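# Fold and contact review
Residue strings, one per chain:
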Amino acid sequence: MATVEPKLILLFSGKRKSGKDYVTDLIHQRLGPDVCCILRLSGPLKQQYAQDHGLDFDELLGAGEYKEKYRADMIQWGEKQREKDPGFFCRVAIKEAQQPIWIVSDTRRLSDLQWFWREYPSQSRCVRVEASEETRRERGWEFTTGIDDAESECGLDQGVDFDWIIKNEGDGSQLEEQLATGLLSIAKEKAKED
Ligand SMILES: Nc1ncnc2c1ncn2[C@@H]1O[C@H](COP(=O)(O)OP(=O)(O)O)[C@@H](O)[C@H]1O
Ligand SMILES: C[C@@](O)(CCOP(=O)(O)OP(=O)(O)O)CC(=O)O
């Protein structure tokens, strides 16, 4: 378990190229590294997958073709691990977290959310990042069977009551305002609480 009790956990989800990394990086910058950290469930997943398959972990962390080549197999492998132990990647991801606010940038399945809701019921909030298919295509997305129609992308399409839905169209010109009036002001308040 983490060494500190968090004050707020923002559980992010969204389709490929909706801008999860972009939006979570922006929030991280606004709150600052002493207050907030970004945690990725895919980090421990990729590390273990790379080790078991003799692959390059750093390349899997990158945004290039290497990750895409292994994505479908990595999804299946990750699903088998989660069937055995649904909280495994969550537990590893939070291990080193020290800051009062955690951003989990890549929740994909109800089992991920359920784990946080169970362990941290009062601190967990769900955030969805949304962008139209047109915007996502402009960012390089192409529909891929076996990936975009699988649980990894669609597991949270239904059944979640999101606390915030962030619209990240085009260059995200409305992004700052949406964050400032909602999520960021709550996060700053929480960070100040004793
Ligand atoms: N609001 C934005 N303004 C400019 N570029 C953006 C914006 N949102 C996302 N992008 C760009 O689109 C691409 C995909 O975004 P990313 O955050 O990696 O998506 P995801 O993590 O959801 O797959 C990246 O190159 C990112 O820099
Ligand atoms: C096997 C994965 O963890 C790989 C995800 O890698 P990233 O989180 O880097 O992917 P994108 O941001 O969508 O490009 C997905 C899963 O099913 O857990």
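What counts and what doesn't
Residues numbered from 1 in each chain as written. Chains lettered and ligands numbered in written order. Predicted model: local features only at pLDDT ≥ 70, side-chain atom pairs only at ≥ 80, totals over all residues. Heavy atoms only, no water. UniProt positions renumbered as here; feature names shortened; annotations may be inferred. Phe/Tyr/Trp six-rings, centres within 6.5 Å; stacked < 30°, edge-to-face > 60°. Lys NZ or Arg CZ within 6 Å of the ring centre and 35° of its normal. Helix = DSSP H or I, 4+ residues; strand = E, 2+ residues; numbered from the N terminus. Contact = heavy atoms within 4.5 Å. Buried < 20%, exposed > 50% of the residue type's maximum accessible area, 1.4 Å probe, protein only. Polar contact = N/O pair within 3.5 Å; in protein donor to acceptor, adjacent residues only side chain to side chain. Disulfide = S-S within 2.5 Å. Pairing = 2+ DSSP bridges. Axes fitted to C-alpha atoms, helices over the stretch in contact; angles between N-to-C directions. Near = heavy atom within 4 Å. Areas by Shrake-Rupley, 256 points an atom, 1.4 Å probe, with all protein chains shown as cover. Nonpolar A, V, L, I, M, F, W, Y, C, P; charged D, E, K, R; others polar.

In the nomenclature of an unreviewed UniProt entry, the chain is known as Phosphomevalonate kinase of Oncorhynchus mykiss. Quoted verbatim from the Pathway (unreviewed entry) field of the UniProt record, the comment on the chain reads "Isoprenoid biosynthesis; isopentenyl diphosphate biosynthesis via mevalonate pathway; isopentenyl diphosphate from (R)-mevalonate: step 2/3." According to UniProt, the comment filed for the chain under the heading Function (unreviewed entry) is "Catalyzes the reversible ATP-dependent phosphorylation of mevalonate 5-phosphate to produce mevalonate diphosphate and ADP, a key step in the mevalonic acid mediated biosynthesis of isopentenyl diphosphate and other polyisoprenoid metabolites."

### As for the packing of aromatic side chains
Tallied over the entire structure, the rule returns eight aromatic pairs. On the numbers, 6.5 Å between centres and 65° between planes, the contact of Trp 115 with Tyr 120 is edge-to-face. Aromatic pair Trp 141 and Phe 143: ring centres 6.4 Å apart, planes at 85°, arrangement edge-to-face. Here a set of aromatic residues connected by ring pairs shows up, and it is made of Tyr 49, Trp 77, Phe 88 and Phe 89. Above the ring of Trp 141, the side-chain terminus of Arg 136 is found at 4.0 Å from the ring centroid.

### Observations regarding the UniProt feature "binding site: ATP" (unreviewed entry) in the chain
When the UniProt feature table is mapped to this numbering, "binding site: ATP" (unreviewed entry) covers Lys 15, Arg 16, Lys 17, Ser 18, Gly 19, Lys 20, Asp 21, Arg 139 and Gln 178. Among the structural elements, Lys 17 can be located in the loop between β1 (8-14) and α1 (20-31). Beyond its immediate chain neighbours, meaning those up to four positions away, Lys 17 contacts Arg 136, Arg 139, Gly 140 and Trp 141. Examined against the element boundaries, Arg 139 turns out to sit in the loop between α7 (133-138) and α8 (151-154). You can call Arg 139 partly exposed: its relative accessible area is 27%. Look past the residues within four positions of Arg 139 in its chain and what remains in contact with it is Lys 17, Ser 18, Gly 19, Ala 131, Asn 168, Glu 169 and Gly 170. Here the side chain of Arg 139 touches Lys 17 through a polar contact of 3.0 Å, landing on its backbone oxygen.

### A closer look at the state of the cysteines
Overall, the coordinates contain zero disulfides when judged by the stated rule. In this structure Cys 36 is a free cysteine whose sulfur lies 6.3 Å from that of Cys 37, the closest cysteine sulfur available. Since its relative accessible area comes to 0%, Cys 36 is described here as buried.

### Regarding the sheet that holds strand β4 (residues 124-130)
As summarised here, the arrangement of the five strands in space is β2-β3-β1-β4-β5, forming an open sheet in which the pairing is parallel. With one partner strand each, in any of the chains shown, β2 (36-39) and β5 (164-167) form the two edges of the open sheet. Along the sheet, successive strands turn relative to each other by an average axial angle of 25°, direction set aside. Where β1 and strand β3 (residues 101-104) come together, four bridges link them in parallel fashion. From the neighbouring strand, Leu 8 faces β3, where its bridge partner is Ile 101. Helix α10 (residues 183-192) contacts β1, β3, β4 and β5 of the sheet and is inclined by roughly 155° relative to β1.

### Examining the site of ligand 1
As a structural note, the neighbourhood of ligand 1 is formed by 13 residues, with Lys 17, Gly 19, Lys 20, Tyr 22 and Asn 168 the closest of them. At a separation of 3.1 Å, an oxygen atom of ligand 1 approaches a polar backbone atom of Asp 21. Measuring from a nitrogen atom of ligand 1, one finds a side-chain N or O atom of Arg 139 at 3.5 Å. When isolated, ligand 1 has an accessible area of 550 Å², and the protein chains bury 69% of it. Of all the elements, α1 adds the most residues to the shell around ligand 1, at three residues. In the shell around ligand 1, the residues fall into two nonpolar, four polar and seven charged.

### Re the site of ligand 2
Neighbouring residues of ligand 2: 13 residues in total, closest Lys 46, Lys 67, Arg 71, Arg 109 and Ser 152. In the model, an oxygen atom of ligand 2 is placed 3.0 Å from a nitrogen or oxygen of the Arg 109 side chain. Here an oxygen atom of ligand 2 and a side-chain polar atom of Ser 152 are 3.0 Å apart. In the complex, 90% of the free accessible area of ligand 2, which totals 460 Å², lies under the protein chains. Elements with a minimum of two residues in the shell around ligand 2: α2 (42-53) and α4 (65-84).

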